[in-house]
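Single-letter residue listing:
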Amino acid sequence: MTDTMPASAADGTGEAEVLVEVRGLARHFPIKKGIVKRTVGHVQAVDDVSFEIHRGETLGLVGESGSGKTTTGRVVLRLDDPTAGSIMYDGQDLAQMSQGQLRGLRPRMQTIFQDPHASLNPRMTVGSIIGEPLVEHTKMNKAQRQERIDELLLLVGMHPTHANRYPHEFSGGQRQRIGIARAIALNPEFIVCDEPIAALDVSIQAQVVNLLEELQDELGLTYLFISHDLSMVRHISDRVAVMYLGRIVELGPVDDLYERPLHPYTQALHSAVPVPDPVIESIRERVILEGDVPSPANPPSGCRFRTRCPLAEHRCEAEQPEWREAAPGHWVACHFAEAGQHQIGTGEPGD
Amino acid sequence: MTAPVLDVRDLWTRFKTPDGIVHAVNGVSFSLEPGQFVGVVGESGSGKSVTMMSLLQLIPMPPGYIENGEAIFDGQNLIEMDADDLRNVRGGRIGFIFQDPMTSLNPVITVGKQIVESLRRHTTMSKKEATARAEELIEIVGIPEPSVRMKNYPHELSGGMRQRVMIAIALACNPEVIIADEPTTALDVTVQAQIIDQFQKLREDFGTAVVWITHDLAVVAGLVDKVIVMYGGRIVEESPVNDLYARPLHPYTIGLLKSLPRLDQKGHELYSIDGQPPNMLKEPTGCSFAPRCEHAFDRCWGEIPEPVEVSVGHRVACHWDLEAGAPRD
């Protein structure tokens, strides 16, 4: 994947064409209480998030549950409304558009959901599921649609005769292929993949990921790949953003971020992921984070990671760390990111 | 070699459904030594959970039934044990941890009381003794402020803490065996690391044997002594942990390992096992992996392969000898 990318996009120097530019994005959900449903607070699901996605690349978005990665994906496509911020898509601000205006753009942006059981209508045939966007957004006649449906089924590795069957007749992996066929039906340029393989068995995950990569090469797609699976994100992404409690804490070219993680949270995440090799596992040093993720309704002041961070000092409580470029294309929000390339667990500041 | 704490021989479990009979477990045999950690790895429908549930008669019967097999625990066959005796074993000498702690904890009883209940059921402790022991257990599994947490209801705890409570309940009566069914699958990766760490401490402190059921070959790599790989209701490979990863011999095991992306390695095209998981409604007549196997030949379709020991403790059930590049005789 990486080697087929234009160099500028792969190393994140920003020369590649920017397709999506998100600035200061926030989504706060009100917490309502009492009979009159008074708003008593806000869950800050996404708060002050900025990133860009280059045309033709895959931006991986990783984080644990409750980090706001799914909400980010939904807001970027305006499936949910932002509380603040702008989403520049090919020069237009999606955040300011009405749903009517957005409708014209919908064919260009699509999404693939996590659960292929829940996202396909069980009463529709596979053909009508894949054909629905064609009915909604194109002037194709029935014969043309049928031809396109056959073509799409072949493209995702299924057979045209499958068009007359129902989703329950297929396994999870095949259902996800149907979801992908529907997503690419209108020749989109941008697809948000929200945990597209999380519900699948290991041997089927590889099939679906390989299909996504092939389609990207063939159709020149741009992906926002949302996942909690750090290994798969490393495999598929050109650049990766790491979210924690509603904010992006680090973003960089994939190899840079995995080989030289700067944020202590990224480092802890990496160290928590097991590797399928008992020899490496037995010598590897693990950083075990204490405690749990705090509530996004009442996030810690300053740096949101400070309550679990082994490096935390007074400064982290008082001051929100600045989002800055620590190395070319490698952004981080941590007060100590430049204090040498320390790895947590090796006894540098705060220990 | 020490006597196994649990010895399972030729277990067959079936489910009667409107669509036909589901052949869930098809002749599974394995043993667990005292203090040993065993990983049972397989995908959904491979029979890994049903095998363990069958041993303790935890599958719904009917529609499920055990056609054949025995599970010897301390000289007794669990499968033929009557319900009262079995209740003393379950939760007492054999502990359980399930994937989703929210569904296995009672939502209207405080976690402290749930641990006390288990202790009172299986030991002769007084209420006071049991309460003190419960508090101690909560501390052992790494939950801060045990006396406060005792009074919490399950919904007041995070997912990781609930799973720790499950571990505390499983540990309550000093069991000889703990069966953990995907105990970290529902948890975030940093919390998973905490729970794995907790299990490693258990091994050092209590010497409990653990059966860890999972779909994730990476999770068990650093944790267990022995790995059992299941496919289509059968054990296809069983091996000491290091040997399995260094020298996998079943085409399915190899495919699984190659299809895993690795955090510590750069991207390369992922190997994918073609085809779909087997239809368990069909009575197996040959190797269930044959339709997806690149080495399959005529014998694989007509004859179920029996496990063959290729080195100490490393058994593989495959007609094709991968290392020799020829059929196994």
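Every chain is numbered independently, its residues counted from 1 as its sequence is written. All chains are assigned letters beginning with A, and all ligands numbers beginning with 1, in the order in which they are written. Per-residue local features of the predicted model are confined to residues with pLDDT of at least 70, and side-chain atom pairs are confined, for both listing and counting, to 80 or more; whole-chain, interface and lining totals are unaffected and use all residues. The side-chain figures draw on all heavy atoms in the structure; neither hydrogens nor water molecules are used.

## Some words on the pairing of strand β7 (residues 177–181) of chain B
Residues and elements named next belong to chain B.
Logical step 1: In terms of burial, β7 is a largely internal element, five of the five residues being buried.
Logical step 2: Between buried and exposed lies partly exposed: a residue is buried under 20% and exposed over 50% of the maximum accessible area for its type, with that area taken using a 1.4 Å probe on protein chains only. Helix numbers and strand numbers start at the N terminus; a helix is a DSSP run of H or I with at least 4 residues, a strand a run of E with at least 2. Of the two faces of β7, the one holding V177, I179 and D181 and the one holding I178 and A180 are both buried throughout.
Logical step 3: Strands pair, by our definition, only if DSSP identifies at least two bridges between them. As paired strands, strand β6 (residues 94–97) and β7 are joined by four bridges and run parallel to one another. Within β7, the residue paired with I97 across the bridge is A180.

## Examining helix α10 (residues 264–272) of chain A
Logical step 1: Within α10(A), nine of the nine residues are buried, which leaves it mostly tucked inside the rest of the structure.
Logical step 2: For α10(A), the full list of buried residues reads P264(A), Y265(A), T266(A), Q267(A), A268(A), L269(A), H270(A), S271(A) and A272(A).
Logical step 3: Where α10(A) is buried, its residues contact α8 (230–236), β9 (239–244), β10 (247–253) and α9 (254–259) of chain A together with α8 (189–206) of chain B. Here, two residues are considered to be in contact whenever any of their heavy atoms come within 4.5 Å of each other.

## Brief notes about the interface of chain A and chain B
Logical step 1: Counting residues at the interface gives 38 residues for chain A, matched by 43 residues for chain B.
Logical step 2: Summing both partners gives a buried area of about 3,600 Å² for chain A against chain B, and 59% of it is carried by carbon and sulfur.
Logical step 3: Buried area is a sum: the accessible area each of two parts loses on coming together, probed at 1.4 Å, counted once for each and added. The largest per-residue losses of area from chain A upon contact with chain B belong to V202(A), P276(A) and P278(A), which jointly make up 18% of the total buried on that side.
Logical step 4: In the sections that follow, a salt bridge refers to a side-chain nitrogen of Lys or Arg positioned within 4 Å of a carboxyl oxygen of Asp or Glu. Remark: the boundary between chain A and chain B carries zero salt bridges.
Logical step 5: Polar contact is the term for a pair of N or O atoms within 3.5 Å; when the atoms are in protein, one must be able to donate a hydrogen and the other to accept it, and sequence-neighboring residues count only if both atoms are side-chain atoms. Applying the counting rule to chain A against chain B returns twelve residue pairs in polar contact (both at pLDDT 80 or more).
Logical step 6: Of all elements in the fold, only α7 (202–219), α8, α9, α10 and α11 (278–283) of chain A reach the threshold of two or more residues within the side of chain A that touches chain B.
Logical step 7: Residues belonging to the side of chain A that touches chain B are distributed by class as follows: 17 nonpolar, ten polar and eleven charged. Any residue that is not Ala, Val, Leu, Ile, Met, Phe, Trp, Tyr, Cys, Pro, Asp, Glu, Lys or Arg is counted as polar, Gly included; the first ten are nonpolar and the last four charged.

## Some points on the confidence of the model for chain A
Residue and element names in this part refer to chain A.
Logical step 1: Summary statistics for chain A give a mean pLDDT of 86 and a share of 92% for residues scoring 70 or more.
Logical step 2: Here residues 1–14 scores under 50 on pLDDT; set against residues more than four positions off or in separate chains, the count is 28 contacts.
Logical step 3: pLDDT expresses how confident the predictor is about each individual residue, on a scale running from 0 to 100. Counting interchain partners and residues more than four positions distant, the pLDDT-below-50 stretch residues 345–351 has ten contacts.

## Here's the deal with the side chain of T208(B)
Logical step 1: As for its position among the elements, T208(B) is in the loop between α8 and β8 (209–214).
Logical step 2: With residues up to four places along the chain from it excluded, the contact list for T208(B) reads G35(B), F37(B), L171(B), P175(B), E176(B), V177(B) and I178(B).

## Notes on helix α11 (residues 251–259) of chain B
Logical step 1: The element α11(B) is extensively covered by neighbouring structure, given that seven of its nine residues are classed as buried.
Logical step 2: Restricting attention to buried positions, one finds in α11(B) the residues P251(B), Y252(B), T253(B), G255(B), L256(B), L257(B) and S259(B).
Logical step 3: On its buried face, α11(B) is in contact with α7 of chain A together with α9 (217–221), β9 (226–231), β10 (234–240) and α10 (241–246) of chain B.

## Description of the sheet that holds strand β12 (residues 330–332) of chain A
Residues and elements named next belong to chain A.
Logical step 1: Here we have eight strands laid out as an open sheet, ordered β6-β7-β8-β3-β9-β10-β12-β11, and mixed in their pairing. Whereas interior strands pair on both sides, the edge strands pair on one side only; in this sheet they are β6 (109–112) and β11 (324–327). This sheet shows a mean twist of 20° between the axes of neighbouring strands, independent of strand direction.
Logical step 2: Where α10 meets the sheet, it contacts β9 and β10, and its direction lies at approximately 100° from that of β9. Angles run from 0 to 180 degrees between N-to-C directions of axes, and those axes are lines fitted to C-alpha atoms, restricted for helices to the stretch in contact.

## Here we look at the packing of aromatic side chains
Logical step 1: For this analysis, a ring pair means two rings from Phe, Tyr or Trp (six-membered ring only for Trp) whose centres lie within 6.5 Å, classed as stacked if their planes differ by under 30 degrees, edge-to-face if by over 60, and tilted for the remaining angles. Scanning the entire structure with this criterion turns up eleven aromatic pairs over all chains.
Logical step 2: Both rings, one in Y244(A) and one in Y265(A), keep their centres 4.6 Å apart while their planes meet at 55°; by these two values the pair is tilted. Here Y265(A) lies in helix α10 and Y244(A) lies in strand β9, a separation of 21 residues in the sequence. The pair formed by Y244(A) and Y265(A) is uniform in burial state, with each residue classed as buried.
Logical step 3: We classify Y244(A) as buried; its relative accessible area is 2%.
Logical step 4: Cluster of aromatic residues (ring-pair linked, three or more members): Y244(A), Y265(A) and F305(A).
Logical step 5: The aromatic ring of F37(B) is capped on one face by R203(B), whose charged end is 4.0 Å from the ring centroid.
Logical step 6: Two conditions define a charge sitting above a ring: the NZ of Lys or the CZ of Arg must be within 6 Å of the ring centre, and it must be within 35 degrees of the ring normal. Geometry around Y271(B) places K258(B) over its ring, the cationic atom sitting 4.3 Å from the centre.

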